[in-house]
Amino acid sequence: MEEVLVPIMVVGMLFIGLPWVILHYVTKWKQAPNITDEDEKLLDELYSLARRLEDRVATVERIVAADHPDWKASLPLAEPGTDYPVSRRN
């Protein structure tokens, strides 16, 4: 009995179960919310705000370093010339 039951179960899982699972998750993926134009604008604004704040922190660190030569910055900052290319967005 097992010799007949096991191959039937394997074939059923291959031809019914596996496609069902794949198609289920494909439809879930397609129904997932996409980023809107408003969200993209908000991300751009947040990115520019973060850049401005980073510049301000760098300025404060330069001022403190000039006043106290033994002081070291707690976090290394990005190079001033390295800017994120906008063309790399999704």
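The model shown is predicted, which means the values in this text are computed figures rather than measured ones.

(A) Spotlight on the overall build of the protein. When you go through the protein residue by residue, the secondary structure sums to two helices and zero strands. Burial statistics for the protein: of 90 residues in total, 2% are counted as buried. Counting every atom, the protein has about 8,700 Å² of accessible surface; 65% of that belongs to carbon and sulfur.

(B) Here's a closer look at a nonpolar patch on the surface. A surface patch of nonpolar side chains, amounting to about 1,000 Å² of accessible area, comprises Val6, Val10, Val11, Leu14, Phe15, Ile16, Leu18, Ile22, Val26 and Trp29. By the element assignment, Val6 lies in helix α1 (residues 2-31).

(C) Region of the structure containing the pattern of salt bridges. A full pass over the atoms with the stated rule returns one salt bridge. Taking the shortest distance from any N to any O, the salt bridge between Glu54 and Arg51 comes out at 2.9 Å. Residue Glu54 and its partner Arg51 are located together in helix α2 (residues 37-67), separated by three residues, close to a single helical turn. Judged by relative accessible area, which is 24%, Glu54 ranks as partly exposed.

(D) Spotlight on α1. The first and last C-alpha atoms of α1 sit 41 Å apart over 30 residues, in line with the 44 Å expected at 1.5 Å per residue. The sharpest bend along α1 reaches about 35° and sits at Met13.

Calculation criteria
Residues numbered from 1 in each chain as written. Predicted model: local features only at pLDDT ≥ 70, side-chain atom pairs only at ≥ 80, totals over all residues. Heavy atoms only, no water. Helix = DSSP H or I, 4+ residues; strand = E, 2+ residues; numbered from the N terminus. Buried < 20%, exposed > 50% of the residue type's maximum accessible area, 1.4 Å probe, protein only. Areas by Shrake-Rupley, 256 points an atom, 1.4 Å probe, with all protein chains shown as cover. Patch = residues over 30% accessible without salt bridge, like charges linked within 9 Å, V, L, I, M, F, W, Y side chains within 5 Å. Salt bridge = Lys/Arg side-chain N within 4 Å of Asp/Glu carboxyl O. Expected span 1.5 Å × (residues − 1). Bend = angle between axes of the 7 residues up to and from the residue.

Without other data, these values stay purely geometric and don't point to any function.
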